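Observations on the three-dimensional arrangement
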Amino acid sequence: MAGVNKVILIGNVGKDPEVKVLDNGVRVANFPLATTEIYKKDGARQEQTEWHNVVLWRGLAEVAEKIVKKGATVYLEGKLRSRSWEDKDKIKRYSVEIVADTLTILSGRRDEHNNFAQSSDDYGVDSHF
């Protein structure tokens, strides 16, 4: 039986995407995404925020570089990917990432004049990629 590896998140971008161009010309973008769960415990409002490492490849990385900004609310779909590596001190490190294949901008970040930052419409593209 085949497995399912599907992640759906709505959250706020923690910082502008970092975009790298690999030796083969492929773009990859990374940014942190915060999701916050609000619930009541003993009558008091509680919040729990989780931070997710998001990775976007190729065309989606190019779009994110132009449109996604810190503070924007985004919807994304993708899959969980874990990886490990040794750092410079030979210590094994682990990371879990969300490799997104769908990205929708739900809102932009407001600037100092209380206007929203650039949206996907400014680039002549649909906000669903």
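Described in the following lines is the structure provided in the data block. Every value quoted in this text rests on a predicted model; they were computed, and no experiment measured them.

Some remarks on the nonpolar core
Residues Leu33, Val54, Leu56, Leu76 and Leu103 are the most contacted members of the largest nonpolar core, which totals 21 residues. Put simply, the parts of the chain that give this core at least two residues each are strand E1 (7-13), strand E3 (27-41), strand E4 (44-57), helix H1 (58-67), strand E5 (73-86) and strand E6 (92-107). Examining the composition of this core, we find that five residues originate from one element, H1, more than from any other. Leave out the neighbours within four places in its chain, and leucine 33 touches Leu9, Gly11, Asn12, Val13, Glu50, Trp51, His52, Val54, Val74 and Leu76.

Quick word on the pattern of salt bridges
Side-chain pairs of opposite charge can arise whenever the charged atoms involved come near each other. Evaluated as defined, the whole model comprises six salt bridges. In this structure, glutamate 77 and lysine 6 form a salt bridge, with 2.8 Å as the shortest nitrogen-oxygen distance. Here glutamate 77, found in strand E5, pairs with lysine 6, found in the segment before E1; they are 71 residues apart in sequence, far enough to count as distant. A relative accessible area of 17% means that glutamate 77 is categorised as buried. In this structure, glutamate 18 engages lysine 15 in a salt bridge whose closest nitrogen and oxygen atoms are separated by 2.8 Å.

Here's the deal with the layout of surface pockets
By rolling a water-sized probe across the atoms, one finds the places where empty space is left. In this structure, the largest pocket spans a volume of roughly 200 Å³. Along its surface, the largest pocket is lined by 13 residues, and Asn30, Phe31, Asn53, Arg83 and Glu97 are the ones closest to its centre. For the lining of the largest pocket, the elements supplying multiple residues, two or more each, are strand E2 (18-21), E3, E4, E5 and E6. Looking at side-chain class alone, the lining of the largest pocket contains five nonpolar, three polar and five charged residues.

Criteria and cut-off values
- Residues numbered from 1 in each chain as written.
- Predicted model: local features only at pLDDT ≥ 70, side-chain atom pairs only at ≥ 80, totals over all residues.
- Heavy atoms only, no water.
- Core = buried A, V, L, I, M, F, W, Y, C linked by side-chain atoms within 4.5 Å.
- Buried < 20%, exposed > 50% of the residue type's maximum accessible area, 1.4 Å probe, protein only.
- Helix = DSSP H or I, 4+ residues; strand = E, 2+ residues; numbered from the N terminus.
- Contact = heavy atoms within 4.5 Å.
- Salt bridge = Lys/Arg side-chain N within 4 Å of Asp/Glu carboxyl O.
- 1 Å grid on protein atoms, 1.4 Å probe; cavity = no way out; pocket = protein on both sides within 12 Å on 5 of 7 lines; lining within 4 Å.
- Points joined across faces, edges and corners; volume = space filled by probe spheres on them.
- Nonpolar A, V, L, I, M, F, W, Y, C, P; charged D, E, K, R; others polar.

Everything listed is a geometric property; what it means functionally is a separate question.
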